Amino acid sequence: MFRNNYDNDSVTFSPQGRIFQVEYALEAIKQGSAAVGLRSKTHVALVALKRNAEELGSYQKKIIPIDKHLGVALAGLSPDARVLSNFMRQQSMASRLLYKRPVPVARVVNAIADKAQVNTQHYGKRPYGVGLLIAGVDETGPHLWEFQPSGQILEYFGAAIGARSQSARTYLERSFESFPDVSRDELVLHGLKALRDTLQQDRELTTENTSIAIVGIGEDLKQYDGPRVKRFLDLLGEDGTRSQRAARLDTAMDVGGGADDDDDELAGLLGPGEGTSAMDTTE
Amino acid sequence: MTSIGTGYDLSNSVFSPDGRNFQVEYAQKAVENGPTTIGLRCKDGIILACEKLITSKLLVPGSNKRISTIDRHIGIATSGLVPDGKHFTNRAREEAISWRRNFKDSVPVASLADRMGSYAQAYTLYSSVRPFGITAILGGADDDGPALYMIEPSGMYWGYFGAATGKGRQAAKSEIEKLNPTELTLLQGVKEAARIIYVAHDDNKDKEFEIEMTWVTKDSKSATAAATGGKGMVWNGWVHEDVPKELLEEASKEAKKALEEDDEDEGETKEEKMDEDL
């Protein structure tokens, strides 16, 4: 990736009709650790991998509750996610005040999408550097949406964002057809298995680095962190390490240059020093 | 594009020495890779159709719509940058509402096209913004009957009997030109639109796709239409809505079959086939 004349701001089209600043913002998502979302007929679950800056440091939070029926998982710049989630909370409260009902999931997702689009069309603004998975339940049932800095929103049965998330997507694509009828615990378990596939060889899911949230029809959003995650990790059983298949996939990717192995690529782009400071806010 | 802009293409609202605005031309480029989208003006209504590539099987089918309703009697389909299309659609809805508030009437399609053309044009005037990376096909009906317009990033808009934009626009255009819009009915139009989307689809390069199709009709059978036009609502009787599912499925099936037969015997001339279809 090299600098060009057309990537300085988000109000300049390249001759091919691309907006590079928006594409770079999409890259920022891949700098963050992975988050996975999936839904059944009755529930939506979010699972995410938390990162700590240093061994003894605390873990950056990955899941933000919005309302009783709504929560988001993030990958990318967490301050940007906080701006968006605060906005979503406002929308949510406004709905309860005005209409005496929880805000429909699609409505609030559309609201942040429209907000993000403006940032890609005006000089002096920058696109948000964060991707979100929004899980929520409304009159029309459980929903899972993905939000991107471009202002693109998509509804999914299962989705994964963040570093090495391609492995998780591969898992989801293989098994999503069974999701509609699985139980609450099984849904989380599928999420954990997908998340486990994104791990590097020497890492494993622990009570420290795993965050879970689940919301269902007639059931408020509940978040699990720390020791309360243990029950789900125990369900996962065996070892917390990645499946054999993912390991094989990984070696194959290393040989082929790696479609999703982009950690080094952008760090190089940021130049010395800057790479690390940018990483500090990227979770 | 003959040459790229040697310094005159880095900012919006700047003319090159030969009088071009490169950023607007580049915005048009963004559309040229968008999904094939068409509009047909029939005798008794409007059809909007769009080829939706399925980029992942994890996506919820039928979700993530590309065609929206502006007012009861007007629909819009956009091709190009999806978020820009959403912004444009929202603005069109605001215009339609403001027209109602001011004039106690539903907005004529020509007037809405004019206002949206001006809105797009405003985004070519300033270096602080960029043009919309979309073309919008606006279809609706008013006192003068069905009307169809296509708005470009420059703000330019024309009225059409048949409009096509996006990746497969050339193939789609040449198919549309074979139709007779003064005789075409909505029901025939649905089949033609499905066929055109199939023809324009490049199955060597592209993945699987689904067709999204809506129409503007005077005799809707849907429950929404029956519930429309309540107290105080000025409404001209036309409805923009999804083409009934069974109808769309049937049209898609026929289009697929026609295309397969076409592939089998290349000897048969296209004109003969057209006559059979009509």
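What counts, and at which threshold
- Residues numbered from 1 in each chain as written.
- Chains lettered and ligands numbered in written order.
- Predicted model: local features only at pLDDT ≥ 70, side-chain atom pairs only at ≥ 80, totals over all residues.
- Heavy atoms only, no water.
- UniProt positions renumbered as here; feature names shortened; annotations may be inferred.
- Helix = DSSP H or I, 4+ residues; strand = E, 2+ residues; numbered from the N terminus.
- Contact = heavy atoms within 4.5 Å.
- Buried area = accessible area lost by both parts, 1.4 Å probe.
- Salt bridge = Lys/Arg side-chain N within 4 Å of Asp/Glu carboxyl O.
- Expected span 1.5 Å × (residues − 1).
- Buried < 20%, exposed > 50% of the residue type's maximum accessible area, 1.4 Å probe, protein only.
- Pairing = 2+ DSSP bridges.
- Axes fitted to C-alpha atoms, helices over the stretch in contact; angles between N-to-C directions.

Peer 1: Would you mind going over the UniProt feature "domain: Proteasome alpha-type subunits" (unreviewed entry) in chain A with me for this structure?
Peer 2: Under the present numbering, the feature "domain: Proteasome alpha-type subunits" (unreviewed entry) in UniProt falls on residues 6-28 of chain A. For the annotated span residues 6-28 of chain A, helix accounts for 39% and strand for 0% of the residues, and the straight-line distance between the end C-alpha atoms is 19 Å.

Peer 1: Before we go on, may I ask you to explain the interface of chain A and chain B in this structure?
Peer 2: As a measure of interface size, the accessible area lost when the parts come together is often cited. Counting residues at the interface gives 34 residues for chain A and 32 residues for chain B. Summed over both partners, the interface of chain A with chain B comes to about 2700 Å²; 59% of that surface belongs to carbon and sulfur atoms. Considering only the surface of chain A that becomes buried against chain B, F13(A), P15(A) and Q121(A) emerge as the three largest contributors, covering 25% of it. Counting every contact that joins chain A to chain B gives one salt bridge. Put simply, K86(B) and D114(A) hold a salt bridge, and the shortest N to O gap is 3.0 Å.

Peer 1: Would you mind showing me how to read helix α5 (residues 186-200) of chain B here?
Peer 2: Residues that lie three or four places apart on an α-helix share one face, since the helix turns once every 3.6 residues. Residues and elements named next belong to chain B. For α5, with 15 residues, the first-to-last C-alpha span of 20 Å sits near the 21 Å given by 1.5 Å per residue. α5 sits mainly inside the fold: eleven of its 15 residues count as buried. Within α5 the residues assigned to the buried category are L186, G189, V190, E192, A193, A194, R195, I196, I197, Y198 and A200.

Peer 1: In this structure, what is going on with the pattern of salt bridges? I would like to understand it.
Peer 2: Between side chains of opposite charge, pairing is possible as soon as their charged atoms come close. Enumeration over the complete set of coordinates arrives at 26 salt bridges over all chains. Between R96(A) and D67(A) there is a salt bridge, with its nearest N and O atoms 2.9 Å apart. Of this pair, R96(A) sits in helix α2 (residues 78-99) while D67(A) sits in strand β3 (residues 63-67); the two residues are 29 residues apart in sequence, bridging distant segments of the chain. Judged by relative accessible area, which is 34%, R96(A) ranks as partly exposed. A salt bridge links K52(B) to E210(B); its shortest N-O distance comes to 3.5 Å. Pair noted here: K52(B) is in strand β2 (residues 45-53) and E210(B) is in strand β9 (residues 209-217), with a separation of 158 residues, a long-range link.

Peer 1: Please explain the sheet that holds strand β10 (residues 219-224) of chain A as it appears in this structure.
Peer 2: Hydrogen bonds between backbone atoms are what pair the strands of a sheet, whose relative direction is either parallel or antiparallel. All names here are of chain A. Spatially, β8-β1-β2-β9-β10 is the arrangement adopted by the five strands of the open sheet, whose pairing is antiparallel. Of all strands in the sheet, those with a lone pairing partner are β8 (158-161) and β10, marking the two edges. Along the sheet, successive strands turn relative to each other by an average axial angle of 10°, direction set aside. Where strand β1 (residues 35-39) meets β8, four bridges bridge the pair, whose relative direction is antiparallel.

Peer 1: Where do I start with the pairing of strand β2 (residues 43-49) of chain A in this structure?
Peer 2: Every regular strand shows the same layout, with side chains that alternate between the two sheet faces. All names here are of chain A. Counted residue by residue, β2 has seven buried out of seven residues, so it is predominantly covered. Inspection of the sheet shows β2 paired to strand β9 (residues 210-216) by seven bridges, in the antiparallel sense. If you follow V44 over to β9, its bridge partner there is V215.

Peer 1: How should I be thinking about the UniProt feature "domain: Proteasome alpha-type subunits" (unreviewed entry) in chain B in this particular structure?
Peer 2: If you check UniProt for "domain: Proteasome alpha-type subunits" (unreviewed entry), the listed places come out as residues 8-30 of chain B in our numbering. For residues 8-30 of chain B, the end-to-end C-alpha separation is 19 Å, with 39% helix and 0% strand making up the annotated structure.

Peer 1: What is the right way to read unusual backbone geometry from this model?
Peer 2: Trans peptide bonds make up the majority, and among non-glycine residues the majority have a negative phi. Even without being glycine, K100(A) reaches a positive phi, approximately 55°. Phi is positive for K104(B), which is not a glycine, with a value near 50°. One can find K104(B) in the loop between α2 (82-103) and α3 (109-122). Judged by relative accessible area, K104(B) falls into the exposed class, the value being 65%.

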